[in-house]
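Reading the structure
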Amino acid sequence: LPLTKLVVFERGGRLVWSKQLTTKGLRGDPINVLIQTVLLEEKGGKQCFEVDSYRVEWRLVNECEIIIVCIYEEAMDVSSAANDTLEALRRLILAESSAAHKEKNMSYRLEGSVIESKFSGIQKQVESKQRLALKECSKKKITTAPTETNNDSRTKTEKHTSSE
């Protein structure tokens, strides 16, 4: 995934899980900026903002008091991968919480090992969806691109139609 870092933590501040997805570390502390300027002030609305050279997106899982954060370089156009990853993690957390509730385990606390054990599947699913989207985009560009033959810039469809 072209994302930089993923973090899951409880509203109370306990870190549940964190995954660095690139070899270079974060510059600055975008998580702290998110907490200080958005979450503590309970600013609603848009669940993303830019800080330094990063875009930070997050999802609140209110049912579990969990916050999922995704950080990536602002210059990269990966918001769909970020959204897909955040949504998949949200569904996983809700499913785990629901299972614990069905077992009447009221003292259940989400553990990072649960997320870690399933993250590679989430990552593969999101990457596969991204590759498919790129293929579809490439197909559209190829089928709509004009073909030039003998200084004739009409598309194949136009040439076929005009020669009948």
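This section reports on the structure supplied with the text. (Residues numbered from 1 in each chain as written. Predicted model: local features only at pLDDT ≥ 70, side-chain atom pairs only at ≥ 80, totals over all residues. Heavy atoms only, no water.)

**Thoughts on the pattern of salt bridges**
Definition in use: Definition used for salt bridges: Asp or Glu carboxyl oxygen within 4 Å of a side-chain nitrogen of Lys or Arg.
Going through the model one piece at a time under the given rule, you end up with 10 salt bridges. One connected set of salt bridges, linked through shared partners, spans Glu10, Arg14 and Glu111.

**Quick word on the pairing of strand 1 (residues 5-10)**
Quick reminder of the rule: Exposure categories follow from relative accessible area, calculated using a 1.4 Å probe and restricted to protein chains: below 20% of the type maximum is buried, above 50% is exposed, and the middle band is partly exposed. The way it works is that DSSP assigns letters per residue, a run of H or I at least four long becomes a helix, a run of E at least two long becomes a strand, and they are numbered from the N terminus. Strand pairing requires that DSSP identify at least two bridges connecting the strands.
Within strand 1, 6 of the 6 residues are buried, leaving the element largely enclosed by the surrounding structure. One ladder, built from 5 bridges, connects strand 1 with strand 2 (residues 15-20); its direction is antiparallel. Of the residues in strand 2, the one forming a bridge with lysine 5 is glutamine 20. Between the end of strand 1 and the start of strand 2, which pair antiparallel, lie 4 residues, with glycine 13 showing a positive phi angle near 110°. In this sheet, strand 5 (residues 66-73) lies alongside strand 1 in antiparallel orientation, the contact comprising 6 bridges. Note that in strand 5 the partner of phenylalanine 9 across the bridge is isoleucine 67.

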